[in-house]
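Overview (structure and organization)
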Amino acid sequence: MVELRTVSALKAVNLAMFVIIFLLISLTRPTCACQYSGQISASHLAHIQSARMKRDTITCNATYPYRSFDGSCNNLNNPTYGQIGAMFRRILDPVYGGDGSGSIPRLNGSSGVQLPNPRSVSVLIHDPANFIFSMFTQLVMQWGQFLDHDMTLTPTATNATVCCYDSLVTSDEVHPDVTTGGTCFPIIIDEGDRYFDTVTSRCMVFYRSDPVMDSSGTRQQYNAVTPWIDGSQIYGYTDAMAASLRSMSEGKLLVNTVGDEDFLPSADTSDDSVCFVREEGEYCFLAGDARVNVFAGLSAFHTIFVRYHNKLCDRLLVLHPEYDDETLFQEARRIVVAVLQVR
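Analysis parameters
- Residues numbered from 1 in each chain as written.
- Predicted model: local features only at pLDDT ≥ 70, side-chain atom pairs only at ≥ 80, totals over all residues.
- Heavy atoms only, no water.
- Helix = DSSP H or I, 4+ residues; strand = E, 2+ residues; numbered from the N terminus.
- Buried < 20%, exposed > 50% of the residue type's maximum accessible area, 1.4 Å probe, protein only.
- Core = buried A, V, L, I, M, F, W, Y, C linked by side-chain atoms within 4.5 Å.
- Contact = heavy atoms within 4.5 Å.
- Phe/Tyr/Trp six-rings, centres within 6.5 Å; stacked < 30°, edge-to-face > 60°.
- Lys NZ or Arg CZ within 6 Å of the ring centre and 35° of its normal.
- Patch = residues over 30% accessible without salt bridge, like charges linked within 9 Å, V, L, I, M, F, W, Y side chains within 5 Å.
- Areas by Shrake-Rupley, 256 points an atom, 1.4 Å probe, with all protein chains shown as cover.
- Salt bridge = Lys/Arg side-chain N within 4 Å of Asp/Glu carboxyl O.

This next bit is on unusual backbone geometry. Notably, Cys 73 is not glycine yet its phi reads approximately 65 degrees, a positive angle. For Cys 73, the location among the structural elements is in the loop between α2 (42–53) and α3 (118–125). For Cys 73, a relative accessible area of 25% gives the class partly exposed. If you check the backbone angles, Glu 250 has positive phi at about 55 degrees while not being a glycine. Under the relative-accessibility criterion, Glu 250 is labelled partly exposed at 38%.

What follows is the structure, encoded as structure tokens:
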């Protein structure tokens, strides 16, 4: 009984410390006025395309002790299971407009009546009132988002088309992409909306997901990351991404040290697929997943696990001074992934 109480007490202390660290990072992190575009980088897309072409010829090294970054060879009998770029499995078949192939989105219901405006549905379902939910804290949501980004990413299609302009709001004009199968599918918000109340704001930019066609020629969506809980949001989904996040010294990940604190390194903001800044002088964070910049709480979780990885490297080096950089990195990564899986 004493041991059980001790374990429970230690868990409570660990949780309390985790919450404190989370709050401190959220409040003291370097300013990041940036947004995620929803797209994936050209190199990421190229790796997915290459993986698809090699699915029938992939070979695995059964003696290699560590996970691949792109999810392949996790199942030696089915080496492509969980590899990036795989189509999502559906519970129900898709229903599109036009010829049903998916080039044109569905605008009407089965009865032929026009489908309701998405914003109107959102306003109807979601109560804007704030309330305190005593059973869970916001940390539950934040952990869920962090873990979700380890398993799924549906990228938006690359698009150079102007998605919103005033005449879409002030008249009955329909964006040409909607009827021609383009990627832009703007949401026109009804007049009198409680939040979007100007002509410019009443057109919400929305891009369709980047498609992949199945064997029947029907448009499907794909997962740009691995579905495994393997820490890919921390370490990346390709060998190149993983290498760009490493310091190549003592197994550690790159950090940006501000004062005595280690934060995430800065990203190349010239690549809009990673993120784009809204204010001059700001920068985006770099992590295994570009969505690190979506929300401050999410950035905090990424920071915590980068620090945790590097702390593990310090401890492993003391226990195993013979380990080289690669072994330290992979062993620390293995422990981090185990923590993610049991939490």
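Phe 146, Ile 234 and Phe 305 are the most contacted members of the largest nonpolar core, which totals 29 residues. The set of elements that each furnish at least two residues to this core consists of α4 (138–151), α7 (232–235), α9 (296–319) and α10 (325–342). It is α9 that provides the largest number of residues to this core, a total of 8 residues. If we skip the residues at most four places from it in the chain, Ile 234 touches Phe 146, Leu 245, Leu 253, Gly 288, Phe 305, Val 336 and Leu 340. Within the second largest apolar cluster, 10 residues are counted, among which are Ile 84, Leu 153, Tyr 222 and Tyr 237.

So, on to the side chain of His 149. Of note, His 149 is situated in helix α4. Judged by its relative accessible area of 6%, His 149 falls in the buried class. Not counting chain neighbours up to four residues away, the residues in contact with His 149 comprise Gln 233, Tyr 237, Asp 289, Arg 291 and Leu 298.

Our focus in this paragraph is the packing of aromatic side chains. If you walk through the whole model with that rule in mind, you get 10 aromatic pairs. Consider the rings of Tyr 64 and Tyr 66, whose centres lie 5.7 Å apart with planes at 80 degrees: the pair is edge-to-face. On the basis of relative accessibility, which here comes to 42%, the residue Tyr 64 falls in the partly exposed class. Put simply, the rings of Trp 143, Phe 146, Phe 301, Phe 305 and Tyr 308 pair up and form one aromatic cluster. In this structure, Arg 246 is placed above the aromatic ring of Phe 329, and the distance from its NZ or CZ to the ring centre is 4.0 Å. We note Arg 307 situated over the ring of Phe 263; from NZ or CZ to the ring centre the distance is 5.3 Å.

To continue, consider a nonpolar patch on the surface. A cluster of nonpolar side chains, namely Phe 131, Phe 133, Met 135, Phe 136 and Val 140, defines an oily patch on the protein surface of about 590 Å² accessible area. Here Phe 136 shows up in the loop between α3 and α4.

In short, shape yes, function no, at least from these values alone.
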